[in-house]
Amino acid sequence: MEQAIVPTEEAAALAGAVPGKRALLGELLLAEGFIGAADLDRALDLQGRLGGRLGSVLMRIGALSEDNLLDTLSRQLGLPVLGVDLPLPDEDALRLAAMQAPAGVDWLVDQQLLLWQHDAGGLACAARDPLAPALRDAMRLAFPGQAVQYCLCRSQDLERMLDVLSRHAGAAGSENGDVQALREMAEEAPVVELVNNLLAQAVEQGASDIHVEPEEQRFAVRFRIDGVLHSRLALPRNRFDAVASRLKLISGMDIAERRLPQDGRMSTRVGGQEMDIRVSALPGVHGESIVMRLLPKERKELGLERLGFEPDHLQLMREWTALANGIVLVTGPTGSGKSTTLYASLAAANDGLKKIITVEDPVEFQLPAITQIQAHPDIGLTFASALRSILRQDPDVIMIGEIRDLETAQIAVQAALTGHLVLSTLHTNDAISAFTRMVDMGVEPFLVATPVRAVQAQRLVRRLCTCARPGHVPAPLEAEAARWAADVLPGQPARWMEPVGCPRCLETGYRGRLGIYEMVPVSEQMQHLIVTGASVNEMKQQARDEGCRFLREDGLLKAWQGLTTVEEVLRVTGA
């Protein structure tokens, strides 16, 4: 944004710095660890060729978030940040100051300048560049002899408050426009910086998804953090078309098409990380709902031991990934971590002696020494067609992103029966339902019972932050958890905790997630039930008799250890 500056002599004086001795913005950002040396070199090169403020350039290339920029500028220049060091002004204060300004409301909106009387009795001023000499000259002429408190301000706050003045002046923009107008709006600097800043904030806060949701009078931006949506921003509706056009433009969608659903994808650098972003646009009553899924390219080494398996489940999973043939299914709803479990399983199976091939839609993470195929149904490269070709590549292990239809299921069964280990996912609510789901697709029951070796269901629960404190649970739940802890965690005492909330966890009490699991090996008795068409309840009872632990019970074990809360387990398992 425009405040992202290397200070002038005037700025240095305002900040109490000695001209010629001040620390440069780039040096401060490097010292804080907000950017890397390569990012700074690239930004300085772009600044030298194209001009502009250094901070703005860093934001445009995705190396820096606006919050980190403003925090550094505030300390460098000695200026407060609006909404952090000073409270945001209310609408009445903005309108009153605008009406009293000598140049009028239109000039303030045109200059993207906010004025109001702050609590100390003086005049406060926020602008894109509060240190611009022209701005300060204009303020001295308009308000001679009056002390002015200049402020740094987030782009989103500035845009929202300027819209208040625009509406007051009768200058609200049109929501409609042709393709060229939309493209021009999408390329405007404030829109580019707003979108980049939203992406950077989402990455810094550990969000998995960004939801941009238009309403009649405004549009909202929400981040999904640890599986729960959090409101982050609300802006006037007349800003939405520019933001939506920007997102569609950079993700390869048709910005003129607003009546049909569209999918897009982009790779970019955000907050210092290389990210793949999947974008979905879905037409609604008030405009297109846009959802972005954030997928970091650089992923920490995946390992089964990092996913939250209890010792007995971890041993089972290691045995399943070492099988010579058969099908291992991972089930659960969207966003339950199935893909992560499959990737960790592939990493466990990849001993350097096996040929491993995957077919996915999309390829979420790239793994070394594994052949990964991106499905393209629009050109005929479906899961089924890719699988037929994979079988001619002499694989040992095949991973199928999802068994979606009968043809894919039949080829997976054929591969398993001819000596391959097949790992795949299904969308079911529990592990046992995977058997009936495949039968419902049209696979013969005996072709389900024979190759399927094991089924796992999973969910993700939020992990307690380090600010958690000791808590208590109802006696029946404590007794239920104690029965399983005696078998799985012998000698380990209960450590029930409850959330508190701190800045590190954004006051939620939770930070990060871990899995809870339901793991069902297919025994001879289970095979018999599948072939004879037994009910789900009968198969669940058989799994229970064989010692299987279901999702809620595994979750209670996590709460017993103080990793999460009983409330979180019950929320996720639906109990």
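Everything quoted here is computed from the prediction, not taken from an experiment.

Considerations on the overall build of the protein
Part 1 of the argument: Each helix and strand in the protein was counted, giving 23 helices and 18 strands.
Part 2 of the argument: For the protein, the spread of C-alpha atoms along the principal axes amounts to about 90 × 55 × 45 Å.
Part 3 of the argument: Of the roughly 25500 Å² of accessible surface on the protein, 50% is carried by carbon and sulfur atoms.
Part 4 of the argument: Charge separation in the protein, taken as the distance between the mean sites of 57 positive and 75 negative side-chain charges, equals 2 Å.

Some thoughts on the environment of L64
Part 1 of the argument: Within the fold, L64 resides in the loop between α4 (54-60) and α5 (66-77).
Part 2 of the argument: The exposure class assigned to L64 is buried, which follows from its relative accessible area of 2%.
Part 3 of the argument: Through-space distance from the C-alpha of L64 to that of A38 is 13 Å; in sequence the pair is 26 residues apart.
Part 4 of the argument: Those residues in contact with L64 that lie beyond four places of it in its chain are L29, F34, I35, L58, M59, L69 and A200.

Description of the UniProt feature "domain: Bacterial type II secretion system protein E" (unreviewed entry) in the protein
Part 1 of the argument: The feature "domain: Bacterial type II secretion system protein E" (unreviewed entry), as given by UniProt, occupies residues 391-405 in the numbering adopted here.
Part 2 of the argument: Secondary structure within residues 391-405 divides into 0% helix and 27% strand; the distance between the first and last C-alpha atoms comes to 18 Å.

As for the pattern of salt bridges
Part 1 of the argument: Tallied over the full model, the rule gives 35 salt bridges.
Part 2 of the argument: Residue R49 is joined to D45 by a salt bridge in which the shortest nitrogen-to-oxygen separation is 3.1 Å. With R49 and D45 both in helix α3 (residues 37-50), this residue pair falls four residues apart, about one helical turn.
Part 3 of the argument: We note a salt bridge from D241 to R258, for which the minimum N-O separation is 3.8 Å. Note that D241 is positioned in helix α12 (residues 240-250) and R258 in the loop between α12 and β7 (262-270), a separation of 17 residues in sequence.
Part 4 of the argument: Overlapping salt bridges, with partners in common, bring together E310, D312, R549, D554 and K558 in one network.

Regarding the environment of V473
Part 1 of the argument: Of note, V473 is situated in the loop between β16 (469-470) and α19 (475-488).
Part 2 of the argument: The exposure class assigned to V473 is buried, which follows from its relative accessible area of 17%.
Part 3 of the argument: Put simply, V473 and Q146 are 327 residues apart on the chain and 61 Å apart in space, counted from C-alpha to C-alpha.
Part 4 of the argument: Those residues in contact with V473 that lie beyond four places of it in its chain are E478, W496 and V566.

Describing the packing of aromatic side chains
Aromatic ring pairs: the centre-centre distance and the angle between the two ring planes describe each pair.
Part 1 of the argument: According to the stated counting rule, one finds three aromatic pairs in the structure shown.
Part 2 of the argument: Judged by centre distance (5.8 Å) and plane angle (80 degrees), the rings of W496 and W560 are edge-to-face. Within this pair, whereas W496 is found in the loop between α19 and β17 (497-498), its partner W560 is found in helix α22 (residues 551-560), the two being separated by 64 residues in sequence. Per residue, the accessibility class of W496 equals that of W560, and both read buried.

Describing the environment of D163
Part 1 of the argument: On the secondary structure map, D163 appears in helix α9 (residues 155-168).
Part 2 of the argument: A sequence separation of 76 residues divides D163 from R239, and the C-alpha atoms of the two residues are 9.0 Å apart.
Part 3 of the argument: If we ignore the near neighbours within four places in the chain, the residues touching D163 are P236, N238 and R239.

Structural notes on the domain arrangement of the protein
Part 1 of the argument: If you check the domain split of the protein, you get domain 1 (21-169), domain 2 (180-296) and domain 3 (304-462 + 514-551).
Part 2 of the argument: On a C-alpha basis, the centroid separation for the pair domain 2 and domain 3 is 33 Å.
Part 3 of the argument: With six residues of domain 2 at the contact, the number on the domain 3 side is six residues.
Part 4 of the argument: Of the roughly 580 Å² buried where domain 2 meets domain 3, counting both sides, 53% is carbon and sulfur surface.
Part 5 of the argument: The largest contributions to the domain 2 side of the interface with domain 3 come from R265, R278 and L295, which together make up 49% of the buried area.

Focus: the pairing of strand β10 (residues 326-331)
Part 1 of the argument: Extensive coverage of β10 is indicated by the burial of six of its six residues.
Part 2 of the argument: Burial of β10 is two-sided: the residues G326, V328 and V330 facing one way and the residues I327, L329 and T331 facing the other way are all buried.
Part 3 of the argument: For β10 and strand β14 (residues 421-426), the ladder comprises six bridges, and the chain directions are parallel. Bridged to T331 within β14 is L426.
Part 4 of the argument: Here five bridges tie β10 to strand β15 (residues 452-464), and the two strands are oriented parallel to one another. Bridge assignment links V330 to a residue of β15, and that residue is Q456.

Re helix α23 (residues 566-573)
Part 1 of the argument: For α23, the set of buried residues is V566, E568, V569 and V572. An end-on view of α23 places all buried positions within 160 degrees of arc, on one side of the element.
Part 2 of the argument: Backbone geometry just downstream of α23 places G574 in the positive-phi region, at approximately 80 degrees.

Points about the side chain of Q262
Part 1 of the argument: Relative to the assigned elements, Q262 resides in strand β7.
Part 2 of the argument: The exposure class assigned to Q262 is buried, which follows from its relative accessible area of 14%.
Part 3 of the argument: Only 2.9 Å separates the side chain of Q262 from the backbone nitrogen of D254, close enough to count as a polar contact.
Part 4 of the argument: Those residues in contact with Q262 that sit more than four places away from it in its chain are K248, M253, D254, E257, V279, S280, A281 and E288.

Let's talk about the nonpolar core
Nonpolar side chains in soluble globular proteins tend to end up buried together.
Part 1 of the argument: With 43 residues, the main nonpolar core has L329, F435, M438, V452 and M526 as its most contacted residues.
Part 2 of the argument: Per-element tally for this core: the top contributor is helix α16 (residues 406-417), with six residues.
Part 3 of the argument: Residue contacts for F435: discarding those within four places in its chain leaves V448, V452, V455, V522, M526, I530 and M539.

Points about the side chain of K338
Part 1 of the argument: Relative to the assigned elements, K338 resides in helix α14 (residues 338-349).
Part 2 of the argument: For the buried K338, no salt bridge exists, and the shortest N-O distance to an oppositely charged side chain is 7.1 Å, to E402.
Part 3 of the argument: Side-chain polar atoms of K338 contact the backbone oxygen of G332, separated by 3.2 Å.
Part 4 of the argument: Setting aside residues no more than four positions away along its own chain, K338 makes contact with V330, T331, G332, P333, T425, L426, H427 and Q458.

What counts, and where the lines are drawn
- Residues numbered from 1 in each chain as written.
- Predicted model: local features only at pLDDT ≥ 70, side-chain atom pairs only at ≥ 80, totals over all residues.
- Heavy atoms only, no water.
- Helix = DSSP H or I, 4+ residues; strand = E, 2+ residues; numbered from the N terminus.
- Areas by Shrake-Rupley, 256 points an atom, 1.4 Å probe, with all protein chains shown as cover.
- Lys, Arg positive; Asp, Glu negative; His and termini not counted.
- Charge placed at Lys NZ, Arg CZ, Asp CG, Glu CD.
- Buried < 20%, exposed > 50% of the residue type's maximum accessible area, 1.4 Å probe, protein only.
- Contact = heavy atoms within 4.5 Å.
- UniProt positions renumbered as here; feature names shortened; annotations may be inferred.
- Salt bridge = Lys/Arg side-chain N within 4 Å of Asp/Glu carboxyl O.
- Phe/Tyr/Trp six-rings, centres within 6.5 Å; stacked < 30°, edge-to-face > 60°.
- Domains from an automatic or database assignment.
- Buried area = accessible area lost by both parts, 1.4 Å probe.
- Pairing = 2+ DSSP bridges.
- Arc of directions from axis to C-beta.
- Polar contact = N/O pair within 3.5 Å; in protein donor to acceptor, adjacent residues only side chain to side chain.
- Core = buried A, V, L, I, M, F, W, Y, C linked by side-chain atoms within 4.5 Å.

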